[in-house]
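Here's the letter readout for the chains.
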Amino acid sequence: MRDTVIFKIHDIDKDSDQLAAAAEMLREGKLVVIPTETVYGLAANALDPNASKAIYAAKGRPSDNPLIVHIAETEDARRLAAALPDKFFELAERFWPGPMTLVLPKSDAVPLETTGGISTVAIRMPSHPVARELIRRCGLPLAAPSANLSGSPSPTCAEHCIDDLFGRVDAIVDAGDCEVGVESTVVTLCESPPKILRPGAVTLAQLREILPDIELDSGVFSSVAPETAPASPGMKYKHYAPKARVILVSGTPERFREFVETRERDCGVLCLAGDDVGLDRRSVIYGKAGDEKSQAHELFGALRKLDSAGMTVVYARISDGSGIGQAVKNRLLRAAAFEQITL
Ligand code: TXA
Ligand code: MG
């Protein structure tokens, strides 16, 4: 058990003392949950193998699933990567700070404990002002996976982090709701052509402006066979899994409504605002139809609600999204362990 301090930081000028205290804890090698624009992260010194090991222990995360290293300035990547291709600087210029993570060959400064034993390192510069200020103040790159217990949905507000990690971390910095709601787009520059390993708010179309030949990795929308080595170790884990059995259903709102009506009375429904499933149905809403940003913003909170409502079987309407809709689809597919019905 650890004593968990909660800091509330809403303004980096007014809450300077709390920021200083959290930064000091990070310098001491402690575990501090921090807000980012995507989801909350469980942060610690990325250059300290013991701090990284403590992250895995606190989350119950398999030790071969590498952590993302967070920086405050593009220049900070120089000590983390063995080489930085020209495209790295173009991408950083265009999308950082923001929800894009770049996988590069790692330098010797990054311990293998941080990268799950592999020779590449994932780097991202978050845009959340509190995250950047903390990185600047502690003067360290911060390893930070999503601040949930391994296997549960990523946390998009401090309450989710408290539910999962209170007593397992040294501090939780509460800065309100995360703006994006799904984790960053992970891009590997270690393959030719470059690949998206995990879709996020920085979209395929946007990335193509700088990397015309970039592709979605085959593991993004289909399951990785257990015997093959996935491009990103995170792909082989079920991930984002609510306790309920989730079954994805694609089809028009009308077909979805008809389908739900024929299901057992006590099933749960995960749907979009305006889907109008009968009032006698137990439903949780994740965003608005046609508004993929709102779906991304609400998805993980909705998955947590399914569990707190004690639902055991849930039918989830899935629409074929482009842009950030691809991230929503990717997370839902994993929450459902790829179980889906097309109407
Ligand atoms: O938005 C985000 O990226 C959040 C916030 C906190 O920054 N972080 C996050 O971290 O989602 P995590 O650990 O929950 O997910 C990192 C993903 C995993 O699927 C992992 O396998 C992959 O990135 N990853 C990390 N390092 C990698 C590497 N060197 N090569 C390939 N995949 C990597
Ligand atoms: Mg995660």
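This is a predicted model, so every value here is computed, not measured. (Residues numbered from 1 in each chain as written. Chains lettered and ligands numbered in written order. Predicted model: local features only at pLDDT ≥ 70, side-chain atom pairs only at ≥ 80, totals over all residues. Heavy atoms only, no water.)

**Structural notes on empty space enclosed by the protein**
Scanning the entire structure with this criterion turns up two cavities of 30 Å³ or more. Its volume calculated, the largest cavity comes out at about 40 Å³. Lining the largest cavity, in full, are Y286, E292, Q295, I318, S319, G321, G325, V328, K329 and L332. The element contributing the most residues to the lining of the largest cavity is helix α9 (residues 325-335), with four residues. In the lining of the largest cavity, the residues fall into four nonpolar, four polar and two charged. (1 Å grid on protein atoms, 1.4 Å probe; cavity = no way out; pocket = protein on both sides within 12 Å on 5 of 7 lines; lining within 4 Å. Points joined across faces, edges and corners; volume = space filled by probe spheres on them. Helix = DSSP H or I, 4+ residues; strand = E, 2+ residues; numbered from the N terminus. Nonpolar A, V, L, I, M, F, W, Y, C, P; charged D, E, K, R; others polar.)

**Section: the packing of helix α8 (residues 292-308) against α9**
Taken N-terminus to C-terminus, the directions of α8 and α9 make an angle of 25°; their axes are 8 Å apart at the nearest point. It follows that α8 is roughly parallel to α9 by the angle criterion. Helix-helix and strand crossings are classified by hand; for α8 and α9 the assignment is left-handed. In this structure, α8 contributes E292, Q295, A296, L299, F300 and L303 to the contact, and α9 contributes G325, V328, R331, L332 and A335. For the contact of α8 with α9, the class distribution of residues is seven nonpolar, two polar and two charged. (Axes fitted to C-alpha atoms, helices over the stretch in contact; angles between N-to-C directions. Parallel < 35°, antiparallel > 145°, perpendicular 65-115°, else oblique. Left-handed = near helix turned anticlockwise from the far one by under 90°. Contact = heavy atoms within 4.5 Å.)

**As for the pairing of strand β5 (residues 100-105)**
Judged by how many residues are buried, β5 sits mostly within the fold: five of six residues are covered. Looking at chain direction, β5 and strand β9 (residues 185-188) are connected through four bridges and run parallel. Bridging across to β9, L102 finds its partner in V187. (Buried < 20%, exposed > 50% of the residue type's maximum accessible area, 1.4 Å probe, protein only. Pairing = 2+ DSSP bridges.)

**Describing the packing of aromatic side chains**
If you walk through the whole model with that rule in mind, you get three aromatic pairs. Ring centres 5.0 Å apart and planes at 85° place the aromatic pair F88 and F89 in the edge-to-face group. Assessed through its relative accessible area of 0%, F88 is described here as buried. Ring geometry for F88 and W96: centres 5.6 Å apart, planes at 80°, overall edge-to-face. W96 shares its class with F88; the two are buried. Following the ring pairs from residue to residue traces out a cluster consisting of F88, F89 and W96. Lying over the aromatic face of F221, K329 brings its terminal NZ or CZ to 4.7 Å of the ring centre. (Phe/Tyr/Trp six-rings, centres within 6.5 Å; stacked < 30°, edge-to-face > 60°. Lys NZ or Arg CZ within 6 Å of the ring centre and 35° of its normal.)

**Structural notes on the sheet that holds strand β11 (residues 215-216)**
Read from one edge of the open sheet, eleven strands run β1-β8-β2-β3-β7-β4-β6-β5-β9-β10-β11, paired in mixed fashion. Where the open sheet ends on each side, the last strands, each with one partner, are β1 (5-8) and β11. For β5 and strand β6 (residues 120-124), the ladder comprises five bridges, and the chain directions are antiparallel. Note on β6: the bridge partner recorded for L102 is I123. The sheet strands contacting helix α2 (residues 49-59) are β3 (41-45) and β7 (142-143), and the helix crosses β3 at an angle near 155°. Helix α5 (residues 158-165) rests against β1, β2 (32-34), β3 and β8 (171-174) of the sheet, and its axis sits at about 165° to β8.

**Overview of the site of ligand 1**
Inspection of the region around ligand 1 gives 28 residues, with T38, N65, H70, S184 and G234 positioned closest. Between H70 and ligand 1, the recorded distance is 2.6 Å, taken from a side-chain N or O atom to an oxygen atom. Its free accessible area being 680 Å², ligand 1 has 97% of it covered by the protein chains. When atom positions are compared with the pocket grids, ligand 1 is found to occupy the largest pocket. Those elements that place two or more of their residues in the shell around ligand 1 are β4 (68-70), β6 and β10 (195-198). The element best represented in the shell around ligand 1 is β6, accounting for four residues. Within the shell around ligand 1, the residues separate by chemical class into 15 nonpolar, nine polar and four charged. (Near = heavy atom within 4 Å. Polar contact = N/O pair within 3.5 Å; in protein donor to acceptor, adjacent residues only side chain to side chain. Areas by Shrake-Rupley, 256 points an atom, 1.4 Å probe, with all protein chains shown as cover. Sits in = over half its atoms within 2 Å of the grid points.)

**As for the sheet that holds strand β13 (residues 268-273)**
Backbone hydrogen bonds hold the strands of a sheet together, and the pairing may be parallel or antiparallel. On the basis of which strands lie adjacent, the open sheet formed by five strands has the order β14-β13-β15-β12-β16 and parallel pairing. Unpaired on one side and paired on the other, β14 (282-288) and β16 (340-342) mark the two borders of the sheet. With strand direction ignored, the average angle separating the axes of adjacent strands in the sheet is 25°. Where strand β12 (residues 245-250) lies against β16, three bridges are found, and the strand directions are parallel.

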